[in-house]
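The residues making up each chain are set out below.
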Amino acid sequence: MCLDKTGAVIPAAGQGKRMGGEGNKLFLEIAGTPVLVYTLRVFQKARSIAEIVIVAARDEIVLIEELVKKYELDKVVGVVEGGAQRQQSVKAGIQALSPEINRVVIHDGARPLLKIKELDHFLYNAQGYDAAIMAVPLKDTVKIVNEENTVLETPSREKLRAVQTPQVFCRSLLETAHREAETKIFLGTDDASLIEWMGQPVKVLDGTYENIKVTTPEDMLLAETILRRYRKDEMGCE
Ligand SMILES: Nc1ccn([C@@H]2O[C@H](COP(=O)(O)OP(=O)(O)OP(=O)(O)O)[C@@H](O)[C@H]2O)c(=O)n1
Ligand SMILES: C[C@](O)(CO)[C@H](O)COP(=O)(O)O
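Residues numbered from 1 in each chain as written. Chains lettered and ligands numbered in written order. Predicted model: local features only at pLDDT ≥ 70, side-chain atom pairs only at ≥ 80, totals over all residues. Heavy atoms only, no water.

K.L.:
Hey, could you run me through the sheet that holds strand 1 (residues 6-11) in this one?
P.N.:
Hydrogen bonds between backbone atoms are what pair the strands of a sheet, whose relative direction is either parallel or antiparallel. Overall, mixed pairing links the seven strands, which are arranged 5-4-1-6-10-7-11 in an open sheet. The two strands at the open ends of the sheet, each matched to only one other strand, are strand 5 (76-81) and strand 11 (203-206). The mean angle between the axes of side-by-side strands here comes to 25°, regardless of whether they run parallel or antiparallel. As judged from the four bridges shared by strand 7 (residues 131-137) and strand 11, these two strands associate in the parallel manner. Across the sheet, residue A135 finds its bridge partner in strand 11, namely D206. Here helix 3 (residues 86-95) sits on the sheet in contact with strand 1, strand 4 (51-56), strand 5, strand 6 (103-106) and strand 10 (161-170), set at roughly 145° to strand 1. (Pairing = 2+ DSSP bridges. Helix = DSSP H or I, 4+ residues; strand = E, 2+ residues; numbered from the N terminus. Axes fitted to C-alpha atoms, helices over the stretch in contact; angles between N-to-C directions. Contact = heavy atoms within 4.5 Å.)

K.L.:
Please explain the site of ligand 2 as it appears in this structure.
P.N.:
Around ligand 2 sit R18, R86, D108, R111, V163, T165, T189, D190 and K213, and those are all the residues in its vicinity. Within the contact set of ligand 2, an oxygen atom lies 2.6 Å away from a side-chain nitrogen or oxygen of D108. Contact distances for ligand 2 include 2.8 Å between an oxygen atom and a backbone N or O atom of T189. Cavity membership is defined here by more than half of the atoms lying within 2 Å of grid points; on that basis ligand 2 lies in the largest pocket. Looking at side-chain class alone, the shell around ligand 2 contains one nonpolar, two polar and six charged residues. (Near = heavy atom within 4 Å. Polar contact = N/O pair within 3.5 Å; in protein donor to acceptor, adjacent residues only side chain to side chain. 1 Å grid on protein atoms, 1.4 Å probe; cavity = no way out; pocket = protein on both sides within 12 Å on 5 of 7 lines; lining within 4 Å. Sits in = over half its atoms within 2 Å of the grid points. Nonpolar A, V, L, I, M, F, W, Y, C, P; charged D, E, K, R; others polar.)

K.L.:
How do you make sense of the site of ligand 1 when you look at a structure like this?
P.N.:
The full set close to ligand 1 counts 19 residues, and P11, G16, K17, R18 and K25 are the nearest of them. Measuring from a nitrogen atom of ligand 1, one finds a backbone N or O atom of A84 at 3.2 Å. For ligand 1, an oxygen atom lies 3.2 Å from a polar atom in the backbone of A110. Coverage of ligand 1 by the protein amounts to 88% of the 560 Å² it exposes when considered alone. Using a 2 Å cut-off from the grid points, one finds that ligand 1 occupies the largest pocket. Looking at the shell around ligand 1 residue by residue, the classes come out as six nonpolar, seven polar and six charged. (Areas by Shrake-Rupley, 256 points an atom, 1.4 Å probe, with all protein chains shown as cover.)

K.L.:
Help me understand the packing of aromatic side chains, please; the structure alone is not making it clear to me.
P.N.:
Here the distance between the centres and the angle between the planes together describe a pair of aromatic rings. A full pass over the atoms with the stated rule returns one aromatic pair. Centroid distance F186 to W197: 4.8 Å. Interplanar angle 5°. Geometry classified as stacked. Of the two residues, F186 is situated in the loop between helix 5 (171-183) and helix 6 (192-197) and W197 in helix 6; the sequence distance between them amounts to eleven residues. The ring of Y230 carries K115 above its face, with NZ or CZ at 4.0 Å from the centroid. A cation over a ring is seen here: K139 above Y209, with NZ or CZ 4.1 Å from the ring centre. (Phe/Tyr/Trp six-rings, centres within 6.5 Å; stacked < 30°, edge-to-face > 60°. Lys NZ or Arg CZ within 6 Å of the ring centre and 35° of its normal.)

What follows is the structure, encoded as structure tokens:
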């Protein structure tokens, strides 16, 4: 079990291609506030978070630093340059955390709907594990297909989960996994997959269906609806 001085890494260096617009989807606004700021505010207000590192595209570092100042996000200790892949961005973020941080929680900048109490509850329940992630049961049936889009297999839905962030790890284990993955050129779509690749256990804890990743245009509609229901106090008069 990991000691508990938890730092957050918020990867925000993507290009938002699936959103279909111009540029980084994290700067899209809901009621006048950027998506990224809704995400950062959760970690700013969560009692269990000691500091925050944001990972940004090189040409967006100053812009994000200005947002940090404007919204008084004083837990942010750095905005660092990311890489071409999310995994590289996360690795850069980990390296920027203070030395005394020994537990790292990674959360997509594109997931603005996590609630403070959900984050604190998750981190409390994760204290018994070196690696833990949020996930939800599937609502749809999933099938494995071949190159011709013909079904090969329908795995049992009971054994499948839709994985989210936050994902929390003992820092030493996470740093080893990222170092090994970089050396051996292993690329995963989430950080937990690096831990699994190292043969270490990853605990799945309950997420929520509201904790969506803003990825395609309709996600912005859902995000605004959910924010208006749960975080109206943060939204302007729009
Ligand atoms: N090289 C990358 C790619 C992604 N991310 C971040 O990782 C999170 C999840 O990534 P995703 O939803 O895929 O964002 P994008 O990569 O921007 O989306 P797309 O794949 O549609 O371009 C986002 O907060 C994104 O900013 C990152 O920091 N560095
Ligand atoms: C980390 C993640 O959010 C877990 O579901 C997801 O893998 C990120 O994928 P993306 O393609 O980088 O958005």
